[in-house]
Amino acid sequence: MKTLISTLSLLCIFTLSQPLLAQSKRVPASAGRLEFIEVEPNLKLHVTDLGEGQPIVLIHGWPLNDAMYEYQYQYFVQKGFRVIGISMRGFGKSDRPYGKYDFDVFSDDIKVVLDKLKIENAVLGGFSMGGAVVIHYMAKYNGAHVSKLALFAAAAPSWKQREGFPYGATDEAAAGLIHTTRTNRQQLIEDFGKAFGASENAISPTMSQWLASINSDASPYATTQSIIALRDLDLRPALSKINVPVAIFHGTKDKLCDFVFAEQLHKGLKNSYIVKFENSGHALFIEEMEKFNTELEKFTKK
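Structural notes, computed from the coordinates. (Residues numbered from 1 in each chain as written. Predicted model: local features only at pLDDT ≥ 70, side-chain atom pairs only at ≥ 80, totals over all residues. Heavy atoms only, no water.)

1. Side note on the environment of Ser199
So, step 1. Mapped onto the elements, Ser199 comes out in the loop between helix H6 (185-194) and helix H7 (205-216).
So, step 2. The exposure class assigned to Ser199 is partly exposed, which follows from its relative accessible area of 37%.
So, step 3. Expressed as a C-alpha distance, the spacing of Ser199 and Lys255, which sit 56 residues apart in the sequence, is 9.2 Å.
So, step 4. Look past the residues within four positions of Ser199 in its chain and what remains in contact with it is Lys194 and Lys255. (Helix = DSSP H or I, 4+ residues; strand = E, 2+ residues; numbered from the N terminus. Buried < 20%, exposed > 50% of the residue type's maximum accessible area, 1.4 Å probe, protein only. Contact = heavy atoms within 4.5 Å.)

2. Looking at empty space enclosed by the protein
So, step 1. The final tally for this structure, using the stated rule, is 1 cavity of 30 Å³ or more.
So, step 2. Residue lining of the largest cavity: Trp62, Pro63, Arg185, Leu188, Ile189, Phe192, Asn215 and Thr223, and that is the complete set.
So, step 3. Counting residues per element, the lining of the largest cavity draws most heavily on H6, at 4 residues.
So, step 4. A breakdown of the residues in the lining of the largest cavity according to their chemical character gives 5 nonpolar, 2 polar and 1 charged. (1 Å grid on protein atoms, 1.4 Å probe; cavity = no way out; pocket = protein on both sides within 12 Å on 5 of 7 lines; lining within 4 Å. Points joined across faces, edges and corners; volume = space filled by probe spheres on them. Nonpolar A, V, L, I, M, F, W, Y, C, P; charged D, E, K, R; others polar.)

3. Concerning the pattern of salt bridges
So, step 1. Evaluation of the coordinates by the stated rule reveals 14 salt bridges.
So, step 2. We note a salt bridge from Asp49 to Arg33, for which the minimum N-O separation is 3.0 Å. Highlighted residues: Asp49 in strand E2 (residues 43-51) and Arg33 in the loop between helix H1 (2-24) and strand E1 (36-40), separated in sequence by 16 residues.
So, step 3. For Glu297, the salt bridge identified is with Lys301, shortest N-O distance 3.0 Å. (Salt bridge = Lys/Arg side-chain N within 4 Å of Asp/Glu carboxyl O.)

4. Here we look at the sheet that holds E2
So, step 1. Reading across from one edge, E1-E2-E4-E3-E5-E6-E7-E8 is the order of the 8 strands in this open sheet, with mixed pairing throughout. Among the strands making up the open sheet, the edge pair consists of E1 and strand E8 (272-277). The mean angle between the axes of side-by-side strands here comes to 25°, regardless of whether they run parallel or antiparallel.
So, step 2. Pairing geometry for E1 and E2, over 4 bridges, is antiparallel. If you follow Phe36 over to E2, its bridge partner there is His46. (Pairing = 2+ DSSP bridges. Axes fitted to C-alpha atoms, helices over the stretch in contact; angles between N-to-C directions.)

5. A word on the nonpolar core
So, step 1. With 97 residues, the main nonpolar core has Phe127, Leu151 and Leu296 as its most contacted residues.
So, step 2. Ranked by residues supplied to this core, first place goes to helix H4 (residues 129-140) with 8 residues.
So, step 3. Ignoring anything within four residues of it in the chain, the contact list for Phe127 reads Ile59, His60, Gly61, Leu64, Met68, Tyr69, Phe152, Ala153, Phe196, His282, Leu284 and Phe285. (Core = buried A, V, L, I, M, F, W, Y, C linked by side-chain atoms within 4.5 Å.)

6. Remarks on the packing of aromatic side chains
So, step 1. Per the counting criterion, the structure on display carries 20 aromatic pairs.
So, step 2. An angle of 40° between the planes, with centres 5.6 Å apart, marks the rings of Tyr137 and Tyr141 as tilted.
So, step 3. Given a relative accessible area of 25%, Tyr141 falls into the partly exposed group.
So, step 4. Between the aromatic rings of Phe152 and Phe249, the centroid separation amounts to 5.5 Å while the plane-to-plane angle is 50°, which identifies the pairing as tilted. Note that Phe152 is positioned in strand E6 (residues 146-152) and Phe249 in strand E7 (residues 246-251), a separation of 97 residues in sequence.
So, step 5. Judged by relative accessible area, Phe152 falls into the buried class, the value being 0%.
So, step 6. Ring pairs connect the aromatic residues Trp62, Phe127, Phe192, Phe196 and Phe285, which therefore count as one cluster.
So, step 7. Note that Lys291 overlies the ring of Phe277, its terminal NZ or CZ placed 4.9 Å from the centroid. (Phe/Tyr/Trp six-rings, centres within 6.5 Å; stacked < 30°, edge-to-face > 60°. Lys NZ or Arg CZ within 6 Å of the ring centre and 35° of its normal.)

7. Some details on unusual backbone geometry
So, step 1. Cis peptide bonds are those with omega within 30 degrees of zero, and the linkage from Trp62 to Pro63 qualifies with -10°.
So, step 2. If you trace the backbone, Pro63 turns up in the loop between strand E3 (55-59) and helix H2 (70-78).
So, step 3. A cis geometry characterises the amide bond from Ala156 onward to Pro157, with omega recorded as 10°.
So, step 4. Summarising the element assignment, Pro157 is placed in the loop between E6 and helix H5 (171-183).
So, step 5. Positive phi is not limited to glycine here, since Asn42 has a value of about 65°.
So, step 6. Take Asn42: it is sitting in the loop between E1 and E2.
So, step 7. On the accessibility criterion, Asn42 (73% relative accessible area) is exposed.
So, step 8. Residue Asn121 is not a glycine yet carries a positive backbone phi of 60°.

Structure, rendered in structure tokens:
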């Protein structure tokens, strides 16, 4: 009887130990990449980092976040690229501290992320305000980690009219927009959505709701401070400092950043070309998604 009890006890111990042995032998399913990267003490940015191969780094527009590139992530991973989206501080899942929100800060943050990820030979792309961010980054850091630059409906070289640049928002329009961020941000997001496409009905209701939800997720403080910084930014002197090939994607029906911006960028960027999106407003990455993705792939492979 004692022998039987001893045998049963050993069987129980062996059976119970099997899950523990299996767990200890498990190979991690994750690739081990960080989803949150610390760029300064106690401040982390959210990063989407998917795929393998040639890196493409994407910077979002205002007041969006890296989620806006959902359909670029899907496409480029499938095509054999590593695609990385960075949410700037104050936007999306990134931390949203009190402090500065300007283009020096945004550029410094990108530099830290690319340093920590050990990215080299990247195609760096920026949409709308993100286009201004990446131009500033290239000039400030002499194109560190980057071999090509892509600008999508960029709010550059100057979002606001100024001496020698009669394009973009007037002083009054810029002041009104900034005031609305402080007093009726929800209405601003709705109005912004209506002007986002080539027409009010150019983007489907479900896509419009998706974009509005991304915009609504931004820090109100960061929303205001970053548009103030964009108002004060003149990137015309920075263009001559950029020596890499540049692709300029722009919708001919863009009501938020007029197509003339693309023409002015092309004049200032010596190694650049324009890709016209004839059926797009500001939302070219959705309105002509297939063309956007294939043209960016073509540029990356050149």
